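Spelled out from the first residue to the last, the chains are:
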Amino acid sequence: LKHGRLSMLATMGYITPTLVGTWPAYLSPSNGLKFSDVPNGLGALSKVPLAGWAQVLIYCAFVEVSGIQNRPSDAPGDLGWKVLTSDDPEAKTKKLSAEIANGRLAMMAIIGMFFQDGLTGS
């Protein structure tokens, strides 16, 4: 479930700047780098400063460690707050199956976007 949810967020994060635009602010004021200067996709890997990637990795590690320490149960995807709830076990199973299917679709979507970006550069 975690990889599917992450892929759904990654897919939206890949598409949103193209549709909505970027913040009119500085990503790195000391380098004079604005958010609008960072390209979408794989091109961002070389534009974002190393300190920015370090912050992303530290945040991801923090989320992982705090999630492991605060798990209310061993059930996959159970984070302590209920989004997909139902008193009917059949309806709950259908909702969870839909989330898994959408997560798999998002995984294929983000990999396809990365492949297209790496192959064509756009």
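Source: prediction; values computed, not measured. (Residues numbered from 1 in each chain as written. Predicted model: local features only at pLDDT ≥ 70, side-chain atom pairs only at ≥ 80, totals over all residues. Heavy atoms only, no water.)

**With respect to helix H4 (residues 89-120)**
Then, in step 1: With 32 residues, H4 extends 46 Å from end C-alpha to end C-alpha; this agrees with the ideal 46 Å at 1.5 Å per step.
Then, in step 2: All buried positions along H4 are accounted for by Glu 99, Gly 103, Ala 106, Ile 110, Met 113 and Asp 117.
Then, in step 3: Immediately downstream of H4, the backbone of Gly 121 shows phi near 80°, a positive value. (Helix = DSSP H or I, 4+ residues; strand = E, 2+ residues; numbered from the N terminus. Expected span 1.5 Å × (residues − 1). Buried < 20%, exposed > 50% of the residue type's maximum accessible area, 1.4 Å probe, protein only.)

**With respect to the packing of aromatic side chains**
Then, in step 1: Tallying each qualifying case throughout the model produces two aromatic pairs.
Then, in step 2: For the pair Tyr 14 and Phe 114, a centre-to-centre distance of 5.8 Å together with 75° between the ring planes defines the contact as edge-to-face. Taken as a pair, Tyr 14 in helix H1 (residues 2-20) and Phe 114 in helix H4 lie far apart in primary sequence, 100 residues in all.
Then, in step 3: The class for Tyr 14 is buried, based on a relative accessible area of 13%. (Phe/Tyr/Trp six-rings, centres within 6.5 Å; stacked < 30°, edge-to-face > 60°.)

**What to know about a nonpolar patch on the surface**
Then, in step 1: Taken together, Leu 42, Leu 45, Ile 111 and Phe 114 make up a surface patch of nonpolar side chains, about 360 Å² in accessible area.
Then, in step 2: Relative to the elements of secondary structure, Leu 42 occurs in the loop between strand E2 (33-34) and helix H2 (44-47).
Then, in step 3: Accessibility expressed as a relative area gives 35% for Leu 42, which makes it partly exposed. (Patch = residues over 30% accessible without salt bridge, like charges linked within 9 Å, V, L, I, M, F, W, Y side chains within 5 Å. Areas by Shrake-Rupley, 256 points an atom, 1.4 Å probe, with all protein chains shown as cover. Salt bridge = Lys/Arg side-chain N within 4 Å of Asp/Glu carboxyl O.)

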